[in-house]
Amino acid sequence: MREEEIEKLRGVVRDCVSKHLYSSAIFFANEVAALTNDPADVYMQTHALFLDRHYRRPFHLLNASKIVLRDLRFRYLAAKCLEELKEWD
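Calculation rules
- Residues numbered from 1 in each chain as written.
- Predicted model: local features only at pLDDT ≥ 70, side-chain atom pairs only at ≥ 80, totals over all residues.
- Heavy atoms only, no water.
- Phe/Tyr/Trp six-rings, centres within 6.5 Å; stacked < 30°, edge-to-face > 60°.
- Buried < 20%, exposed > 50% of the residue type's maximum accessible area, 1.4 Å probe, protein only.
- Helix = DSSP H or I, 4+ residues; strand = E, 2+ residues; numbered from the N terminus.
- Lys NZ or Arg CZ within 6 Å of the ring centre and 35° of its normal.
- Axes fitted to C-alpha atoms, helices over the stretch in contact; angles between N-to-C directions.
- Parallel < 35°, antiparallel > 145°, perpendicular 65-115°, else oblique.
- Left-handed = near helix turned anticlockwise from the far one by under 90°.
- Contact = heavy atoms within 4.5 Å.

Provide a residue-level description of the packing of aromatic side chains, including the pertinent values.
Evaluated as defined, the whole model comprises three aromatic pairs. Between F27 and F28 the ring centres are 5.1 Å apart and the planes differ by 80 degrees, which places this aromatic pair in the edge-to-face class. Since its relative accessible area comes to 26%, F28 is described here as partly exposed. Summarising the aromatic geometry, the rings of Y43 and F74 are spaced 5.6 Å apart at their centres and angled 75 degrees between planes, so their arrangement reads as edge-to-face. With Y43 in helix α3 (residues 39-51) and F74 in helix α5 (residues 72-85), this residue pair connects regions lying 31 residues apart in the sequence. Taking relative accessible area as the criterion, F74 reaches 2% and is therefore assigned buried. In this arrangement the basic side chain of R73 is found over the ring face of Y43, its NZ or CZ atom lying 4.8 Å from the centre.

For the packing of helix α2 (residues 22-36) against α3, give the residues involved together with the corresponding values.
α3 packs onto α2 with a crossing angle of 160 degrees between their chain directions and a minimal axis gap of 8 Å. Here α2 is positioned roughly antiparallel relative to α3, judged by the angle of their axes. Note that α2 runs across α3; the crossing there is left-handed. On α3, the residues that touch Y22, A25, I26, A29, N30, V32, A33 and T36 of α2 are D41, V42, M44, Q45, A48, L49 and L51.

Shown next as structure tokens:
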């Protein structure tokens, strides 16, 4: 896919999140993350999952790719997932 098309999909994800259409945002974010494997797109995907109250899946995605070690925002999102899951250990 061309970068222009991927950027349009990112815009669709942002638009869906702003309209609280989290299921649609998750769908398009999954597609973008699969196409690019860019950490910013993985964050967008996991953030959409978190907003839709899926806590285990974004935590697993962040930990499985070791992306949680790269940036503070990934760590914070992983911690928020654990907080919602009530997993304190």
